[in-house]
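Residues per chain, in single letters:
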Amino acid sequence: MSHTCRGTISLHGALIHTVDSCTFVISNGGTQSFHIKTANEVERQSWVTALELAKAKAIRAMESEEDEETETAHAVPSEELNVVLKEIAIRLENLRTCYDLITKHGAALQRALSDLETPGDDIAIKTKTVNERATLFRITSNAMINVCTEYLKTAENQGQKWSKMLQQERGHRQRLEEMVEQLAKQQRHLEQQAHRIIPNVASSTSDDEDNEFYDAQSTTSPTFVSPQIDDSFILKYQNRSCFIDRTGSSSETEGDELNNKSEINSTEVKQVTVIPEEEKSVSEIVETMDETDRVILGNGRFGKKSSTLRQRRTAVPNKPNYPLNLWSIMKNCIGKELSKIPMPVNFNEPLSMLQRLTEDYEYANLLDIAAKCTDPCEQLAYVAAFTISSYSTTANRTGKPFNPLLGETYECDRTDDLGWRVIAEQVSHHPPMAAIHCEGNEWTCWQEFTMTSKFRGKYLQITPLGSSNVEFPASGNKYTWRKVTTTVQNIIVGKLWVDHTGEMEILGANKASGIKCHLTYIPYSYFSRDAQRRVKGLIMNEKNEAKWVLNGIWDNKIEIAPVISTSGSENSPVYKTGSYNIIWSRRLPPPNSEKSYNFTVLASQLNEPEEGVAPTDSRKRPDQRLMEEAKWDLSNKEKVRLEEKQRTKRREREAEAEKAAKEGRPYPPYEPIWFKKQQDDNTENLVHVYKGDYWESKKRNDWSKCPDIF
């Protein structure tokens, strides 16, 4: 294997899928897939059955090991030591008893043998006595051997157990030492910075008011040069200014510095109404739009908008203050997968992962604008802004979403006010995987979400593996991307906060094949003078020519500018750009949102009870509902019940699969309800795609296909 291995996939998290009569695929749900072809259908089925059984065995072994680790972690050392010492003392006493018996029967046998050597007529009696003594000695010797074996087995088992515990404690101690050392270094750097800054505060205050400082440009990064803003692109609105491009899109900046610009030419740009969004609800904002601006409410896939909008809630009940020692739970989870850590609801927020993923479409109006773009590169710029906007609420959303149960679904129909609808389903449990399908008037978006996660002591790192896609049917353009790494910082010390880092590449396909956008999420730095949470990007056409640049802050705003010309070298290009337009700004959260899990208005509405949804819908999940209602003790009990019910159901399927294998008949693996596996046309990977019959089933109120999971 060390010479010929082409890669590995962990069986307990493998996806096994049959393609045709002789071909099947094994994948890890994201980065690696093996396509395997057999000689015939019988051989293929034998392999698939054997792999499914091996997967079930791997899952059981993993859970058994985790249960053992949990028992070991939660055991009180003094009690555990007393139990071990008592057991070993019993074994040792048995050894002493056997030793005494062997000594006694050995001496008797020795005397019998001596008597046998003495001449006499009673030879038969003496021989019988020797045999009896020898038999007793043999029995006692065998008992001694058995007791020794038991003692050795006990010692080995306890030795391995204590060795494992010692190894774990050493690992915990090493990680804690590294964490404390890192914290000490950060504190020392902060103190040094403070000592340098404080003596100069008084002398530099007046200078800073008159001077503006800029960081030096990196020699390896592209340079952006922007000309002066043209007067015809400025629209005054009280103390705000909107940059309007000649296609009608707008953006907003704060300040009075532009108030003296000349009036715009009304024949060149379209009038745009600017609404202070922090003062209005979503419904009020929608109602103030005209039919031209409200693209998502026009005649489209869903028909005309309803004359009356449903009144929805704008907040959830406040989060209760239940103290809990985080470290007492997390210290035993270092190095483990997040999905395998048994966490109480105290660390959750009252939303499932399916609902959290639905939040990605809060700013789907960017896709409505993108659908109107005739230039694919400009369209990609708006798609890029949409991908960034999905992170806008995550900076202070540190609550963990509920892990969906297998077969759990979630629908969100906002066609009446936002112009899109979503159906999502948990399609796999090992590995945990969700499939989401969203329909807008002029676009379709879908994604398959799975991830790997590790707790590293002072931070939690989450790496998404699935891909996301959007397609515009009118133009035939399609774009695909993967999400970047998310890190939750200060798990042990300080206030929790979230950062997103890494590279994201959005690739065009179909009619948009060849164009791409490269985004860089810049890591948070305590010592950087730049704005934090920055993201920058470049959109290039099929000839690898830069066409648009993108810049902004992922939880605030994004601006784009067209590239007019490119100079400099290939390794250090300089892009001359046109005017920057802010194409996306985050809506301010509602007042006092920090008391209700930092939810936005949309997030508050996701778990609102609704009639007519599927019986598997996340809104009907009892532990999640109880948590929202601040009944956390009951919620924790329900969570345990639901998870045990899911495990029992999986064991039943595994038993049926093993029985089928023994009888030589195929046993079909679990299949999702509303999604199916299909090969992606561009990547050739197997992905879960929407079957297309959920909304029709809802109209008929036919939920016969839904399993009983709650």
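What counts, and where the lines are drawn
- Residues numbered from 1 in each chain as written.
- Predicted model: local features only at pLDDT ≥ 70, side-chain atom pairs only at ≥ 80, totals over all residues.
- Heavy atoms only, no water.
- Helix = DSSP H or I, 4+ residues; strand = E, 2+ residues; numbered from the N terminus.
- Buried < 20%, exposed > 50% of the residue type's maximum accessible area, 1.4 Å probe, protein only.
- Contact = heavy atoms within 4.5 Å.
- Areas by Shrake-Rupley, 256 points an atom, 1.4 Å probe, with all protein chains shown as cover.
- Phe/Tyr/Trp six-rings, centres within 6.5 Å; stacked < 30°, edge-to-face > 60°.
- Pairing = 2+ DSSP bridges.
- Axes fitted to C-alpha atoms, helices over the stretch in contact; angles between N-to-C directions.
- Patch = residues over 30% accessible without salt bridge, like charges linked within 9 Å, V, L, I, M, F, W, Y side chains within 5 Å.
- Salt bridge = Lys/Arg side-chain N within 4 Å of Asp/Glu carboxyl O.
- pLDDT = per-residue confidence, 0-100.
- Parallel < 35°, antiparallel > 145°, perpendicular 65-115°, else oblique.
- Expected span 1.5 Å × (residues − 1).
- Core = buried A, V, L, I, M, F, W, Y, C linked by side-chain atoms within 4.5 Å.
- Lys, Arg positive; Asp, Glu negative; His and termini not counted.
- Polar contact = N/O pair within 3.5 Å; in protein donor to acceptor, adjacent residues only side chain to side chain.

Chemist: Would you explain the overall build of the chain in this entry?
Modeler: Helix and strand counts for the chain come out as 13 helices and 27 strands. Going through the 710 residues of the chain one by one, you find that 42% of them count as buried. Put simply, of all contacts in the chain between residues at least 6 apart along the chain, 60% involve residues at least 24 apart. Split by element, the accessible area of the chain, about 38200 Å² in all, is 51% carbon and sulfur.

Chemist: It is not clear to me how the packing of aromatic side chains should be interpreted in this structure. Could you clarify?
Modeler: Two aromatic rings are characterised by how far apart their centres lie and by the angle between their planes. Scanning the model with the defined rule gives twelve aromatic pairs in all. Between F472 and Y479, the aromatic rings sit 6.2 Å apart at their centres with planes inclined by 70°, giving edge-to-face as the arrangement. For the residue pair F472 and Y479, the accessibility class agrees, reading buried in each case. When the centroid spacing of 5.1 Å and the interplanar angle of 90° are considered together, the rings of Y694 and W695 count as edge-to-face.

Chemist: Got a minute to help me understand the sheet that holds strand β1 (residues 15–18) in this structure?
Modeler: Taken in spatial order, the three strands of this open sheet run β1-β2-β3, and their pairing is antiparallel. At either margin of the open sheet sits one strand with a lone partner, and together these are β1 and β3 (33–37). Each neighbouring strand pair of the sheet contributes to a mean axis angle of 20°, computed without reference to strand direction. Sheet topology places β1 next to strand β2 (residues 23–27); four bridges connect them, and they run antiparallel. Note on β2: the bridge partner recorded for I16 is I26.

Chemist: Honestly, the environment of N28 in this entry has me stumped. Any pointers?
Modeler: Tracing the backbone shows N28 in the loop between β2 and β3. Sequence separation of N28 and I16 is twelve residues, and the distance between their C-alpha atoms is 9.1 Å. For N28, the contacting residues outside a window of four places in its chain are I9, G13 and P431.

Chemist: I would appreciate a short explanation of the pairing of strand β21 (residues 534–540) in the present structure.
Modeler: The side chains of a regular strand alternate, residue by residue, between the two faces of the sheet. Extensive coverage of β21 is indicated by the burial of five of its seven residues. As judged from the six bridges shared by strand β20 (residues 516–521) and β21, these two strands associate in the antiparallel manner. Looking at β21, one finds that T520 is bridged to K536. Direction of pairing for β21 relative to strand β22 (residues 546–553): antiparallel, over a ladder of seven bridges. By the bridge assignment, K536 is partnered in β22 with N551.

Chemist: How should the pairing of strand β27 (residues 686–690) be read in this particular structure?
Modeler: Across the five residues that make up β27, a large majority, four, are buried. Judged from the five bridges that link them, strand β26 (residues 675–679) and β27 form a sheet pairing that is antiparallel. By the bridge assignment, F675 is partnered in β27 with Y690. Following β26, the chain reverses through six residues before pairing antiparallel with β27; E684 in that reversal takes a positive phi of roughly 65°.

Chemist: I tried to follow a nonpolar patch on the surface on my own but got confused; where do I start?
Modeler: On the surface, L190, Y524, Y526 and F527 cluster together to form a nonpolar patch covering roughly 390 Å² of accessible area. Relative to the assigned elements, L190 resides in helix α3 (residues 123–197).

Chemist: When you look at the confidence of the model for the chain in this model, what are you seeing that I'm missing?
Modeler: Segments scoring low in pLDDT should not have their predicted coordinates read at a detailed level. Summing up the model confidence of the chain, the mean pLDDT is 78 and the portion of residues at 70 or higher is 77%. In this model, residues 201–221 is a region of pLDDT below 50 whose contacts with residues beyond four sequence positions or in other chains number eleven contacts. Confidence drops under pLDDT 50 across residues 226–299; counting only partners more than four residues distant or on other chains, this segment forms 129 contacts.

Chemist: Help me out: how do you make sense of the packing of helix α8 (residues 365–372) against helix α9 (residues 376–389) in this one?
Modeler: A pair of packed helices is characterised by two quantities: the angle between their axes and the separation of those axes. Look at α8 against α9: their axes get within 8 Å of each other, and the N-to-C directions meet at 170°. Our classification of the angle between α8 and α9 gives roughly antiparallel. The residues of α9 that touch α8, namely those facing L366, L367, I369, A370 and A371, are Q379, Y382, V383, A385, F386 and S389.

Chemist: Where do I start with helix α12 (residues 632–662) in this structure?
Modeler: Compared with an ideal rise of 1.5 Å per residue, which puts 31 residues at 45 Å, α12 spans 45 Å between its outermost C-alpha atoms and is within 8% of the ideal. Taken together, the buried positions of α12 are W632, S635, E638, K639, L642, Q646, R650, E654, A657 and A660. Looking one or two residues beyond α12, the residue adopting positive phi is G664, at roughly 75°.

Chemist: Could you clarify how one ought to interpret the nonpolar core in this entry?
Modeler: Grouped burial of nonpolar side chains is what soluble globular proteins tend to show. The biggest cluster of nonpolar side chains holds 73 residues, and the ones touching the most others in it are V383, I506 and L519. Counting residues per element, this core draws most heavily on α9, at nine residues. With residues near it in sequence (within four places) discarded, I506 still touches L380, V383, A384, T387, Y479, T480, W481, I515, K516, C517 and L519. Counting residues in hydrophobic clusters, the runner-up holds 14 residues, among them V427, I673, F675 and W703.

Chemist: How should I be thinking about the side chain of E425 in this particular structure?
Modeler: Here E425 shows up in strand β11 (residues 420–429). Although E425 is buried, it forms no salt bridge, and the closest oppositely charged side chain is K691 at an N-O distance of 7.2 Å. A polar side-chain atom of E425 sits 2.9 Å from the main-chain amide nitrogen of W674. Excluding residues that lie within four positions of it along the chain, E425 makes contacts with L354, G407, E408, T409, M433, A434, A435, Y670, P672, I673, W674 and F675.

Chemist: Please clarify how the environment of K454 should be interpreted in this entry.
Modeler: Relative to the assigned elements, K454 resides in strand β14 (residues 451–455). A relative accessible area of 30% means that K454 is categorised as partly exposed. Sequence spacing of K454 and T487 is 33 residues, and the spatial spacing of their C-alpha atoms is 9.9 Å.

Chemist: Quick question: what am I supposed to make of α9 here?
Modeler: Because each turn of an α-helix spans 3.6 residues, side chains separated by three or four positions in sequence point in the same direction. Between its terminal C-alpha atoms α9 stretches 20 Å, which fits the 20 Å expected from 14 residues at 1.5 Å a residue. Taking burial as the measure, the 14 residues of α9 include 13 buried ones, the bulk of the element. Of the residues flanking the start of α9, the one acting as N-cap is D375, its side-chain oxygen 3.2 Å from the backbone nitrogen of C377.

Chemist: What is the right way to look at unusual backbone geometry in this model?
Modeler: Peptide bonds are, in most cases, trans, and in most cases residues other than glycine have a negative phi. In this structure, P431 follows H430 across a cis peptide bond, with omega equal to 0°. Take P431: it is sitting in the loop between β11 and β12 (432–440). Positive phi, normally seen in glycine, also occurs at N510, with a value near 55°. On the secondary structure map, N510 appears in strand β19 (residues 497–510). The residue N544 is not glycine, and still its phi comes out positive at about 65°. For N544, the location among the structural elements is in the loop between β21 and β22.

Chemist: Hey, could you run me through the pattern of salt bridges in this one?
Modeler: Two side chains carrying opposite charge are able to pair once their charged atoms lie near each other. Enumeration according to the criterion identifies 30 salt bridges in this entry. Across the salt bridge formed by E359 and R397, the nearest N and O atoms sit 2.7 Å from each other. Taken as a pair, E359 in the loop between α7 (353–358) and α8 and R397 in the loop between α9 and β9 (400–402) lie far apart in primary sequence, 38 residues in all. Take E359 and R397: they sit in the same class, and that class is buried. Among the ionic pairs, E628 bridges to R625, the shortest N-O distance being 3.1 Å. Of this pair, E628 and R625 both sit in helix α11 (residues 622–628), three residues apart, which is roughly one turn of that helix. The same class applies to E628 as to R625, namely buried. Linked by salt bridges that have partners in common, R310, E610, D617 and R619 make up one network.

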